[in-house]
Amino acid sequence: MNTLQITVVGAGVMGKGIAYSCAVSGHKVYLNDKNEEVLAKSKSDIEELLNSSFEKGFLQKDVYENAKENLKFETDLTVAAKDADLVIEAVLEKMDLKISIFQQLDKICKPEAILATNTSTMSPTEIGAQTSRPDKVVAMHFFNPVHKMKLVEVIRGLETSDETVQVAKDVSTSLNKQAVEVNEFPGFVTSRMNCLIGNEAMNLLMEGVASAEDIDKAMKLGLNHPMGPLELADLVGLDTRLRNMEYLYQTLGEKYRPCPLLIKYVKAGRLGKKSGSGFYDYN
Ligand code: NAD
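The name that an unreviewed UniProt entry assigns to the protein chain is 3-hydroxyacyl-CoA dehydrogenase, with the source organism given as Sporosarcina siberiensis. Per UniProt, the protein chain has the following entry under Pathway (unreviewed entry): "Lipid metabolism; butanoate metabolism."

Here it is as structure tokens:
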């Protein structure tokens, strides 16, 4: 596929990973965040990952140098998005926030630009309906850590065109990932399954059935999961996981009721790996 100008909005856990993957695949990338400190931290994290991947021989010299040249960091959304062919939004899992960003992007971007959301659970139809280009709005759900995970779920909203779905799949392939196409429904395929497994692991922990270590060990050795559900929730971020659960609870009902232990941890500021503690201690 041709080199695209890709803008990633939100430079948190996912945004920096998506920006890295796009840059090492030869695309030109703007990473945007409204928070200067977050953007500076993401810049240094991406540079560290580029350097270590190059030193370990995972990146060729030309790819490494191109990626460094192709990546720009920008707090002003207009500067970051005005020439974009594709925007991938990766801000917090809050519908109002996502809609407000898509409305801004709709005004800023070229009419032919495709606007994608990296939402884990929410409706690209609802987001697209608030723009003048619902046919060009799609969800591209990446996985954490983005540079290692091979899947992108491409979620088709009600008005998403075949052409937009095809571009989302082609971009995923260009990032050395495989796409699966999913018709919109809350939580798609992966979040719906994963949130339920994670929530049940939290319920087991809360009920004192087993320790966090043993729950994770049981799932890894007994059910062949590569990571335990509690380790995975810590990696995702417990605030993000709670928002996912709340949305699934609202839309799909009782079986997605967030575990009270998850709510308690988020209230305490234990957000998982990114805050230094969650179900495990990272300090
Ligand atoms: P995060 O909290 O790490 O990052 C969100 C970023 O958005 C923050 O840096 C924040 O400053 C920025 N932001 C907020 N408002 C903004 C605005 N108006 N303009 C620009 N930036 C803004 O969150 P995350 O874990 O990266 O999740 C982002 C999205 O990706 C969510 O929709 C989430 O559900 C989804 N997702 C997360 C994971 C995961 O494992 N964490 C996996 C797949 C998908």
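1. Concerning the overall build of the protein chain
Scanning the protein chain from N- to C-terminus turns up 12 helices and 8 strands. Its C-alpha radius of gyration of 19 Å places the protein chain within 12% of the 19 Å reference for a compact globule of 283 residues. Dimensions of the protein chain along its principal axes, counting C-alpha atoms only, are 55 × 45 × 35 Å. Buried residues in the protein chain amount to 48% of all 283 residues. Nonlocal contacts in the protein chain, meaning residues at least 24 apart in sequence, comprise 66% of its contacts between residues at least 6 apart. The protein chain carries 33 positive and 39 negative side-chain charges, and their two centres are separated by 2 Å.

2. Description of the side chain of D33
Checked against the element boundaries, D33 lands in the loop between β2 (28–32) and α2 (36–55). In this structure, D33 is buried with no salt-bridge partner, the nearest side chain bearing the opposite charge being K34 at 6.8 Å. Of the polar contacts made by the side chain of D33, one reaches the backbone nitrogen of A11; its length is 2.7 Å. Looking at D33, its side chain comes within polar contact range of the main-chain nitrogen of N35, at 2.9 Å. Setting aside chain neighbours within four positions, we find D33 in contact with G10, A11, G12, V38, L39, E74 and T75.

3. As for the site of the ligand
Near the ligand you find 27 residues, and of these M14, D33, E93, K98 and S120 are the closest. V13 has a polar backbone atom sitting 3.0 Å from an oxygen atom of the ligand. Between V91 and the ligand, the recorded distance is 3.3 Å, taken from a backbone N or O atom to an oxygen atom. Protein coverage of the free-state accessible area of the ligand, which is 840 Å², stands at 90%. Among the elements of the structure, α1 (13–24), α5 (95–108) and α11 (238–252) are those that each provide at least two residues to the shell around the ligand. Top contributing element to the shell around the ligand by residue count: α5, with 3 residues. Here the residues of the shell around the ligand are counted per class, giving 12 nonpolar, 10 polar and 5 charged.

4. A few points about the nonpolar core
Within soluble globular proteins, side chains that are nonpolar generally end up buried alongside one another. Formed by 34 residues in total, the largest nonpolar core has its most connected members in I6, I18, L50, M140 and F142. Broken down by element, this core gets its largest block of residues, 6 residues, from α1. When neighbours within four sequence positions are excluded, I6 is seen to be in contact with C22, H27, K28, V29, Y30, L86, I88 and V171. Counting residues in hydrophobic clusters, the runner-up holds 19 residues, among them A233, L238, C259 and L261.

5. Looking at α11
One turn of an α-helix holds 3.6 residues; hence residues three or four places apart share an orientation. The end-to-end C-alpha distance of α11, which contains 15 residues, comes to 20 Å, matching closely the 21 Å that a straight helix rising 1.5 Å per residue would cover. Turning to α11, its buried residues are L238, D239, R241, L242, R243, N244, M245, Y247 and L248. The inward-facing, buried residues of α11 contact α8 (190–206), α10 (229–236) and α12 (260–267). A positive phi of about 100° marks G253, the residue just after α11.

How each quantity is defined
- Residues numbered from 1 in each chain as written.
- Predicted model: local features only at pLDDT ≥ 70, side-chain atom pairs only at ≥ 80, totals over all residues.
- Heavy atoms only, no water.
- UniProt positions renumbered as here; feature names shortened; annotations may be inferred.
- Helix = DSSP H or I, 4+ residues; strand = E, 2+ residues; numbered from the N terminus.
- Rg over C-alpha atoms; globule rule 2.2 N^0.38 Å.
- Buried < 20%, exposed > 50% of the residue type's maximum accessible area, 1.4 Å probe, protein only.
- Contact = heavy atoms within 4.5 Å.
- Lys, Arg positive; Asp, Glu negative; His and termini not counted.
- Charge placed at Lys NZ, Arg CZ, Asp CG, Glu CD.
- Salt bridge = Lys/Arg side-chain N within 4 Å of Asp/Glu carboxyl O.
- Polar contact = N/O pair within 3.5 Å; in protein donor to acceptor, adjacent residues only side chain to side chain.
- Near = heavy atom within 4 Å.
- Areas by Shrake-Rupley, 256 points an atom, 1.4 Å probe, with all protein chains shown as cover.
- Nonpolar A, V, L, I, M, F, W, Y, C, P; charged D, E, K, R; others polar.
- Core = buried A, V, L, I, M, F, W, Y, C linked by side-chain atoms within 4.5 Å.
- Expected span 1.5 Å × (residues − 1).

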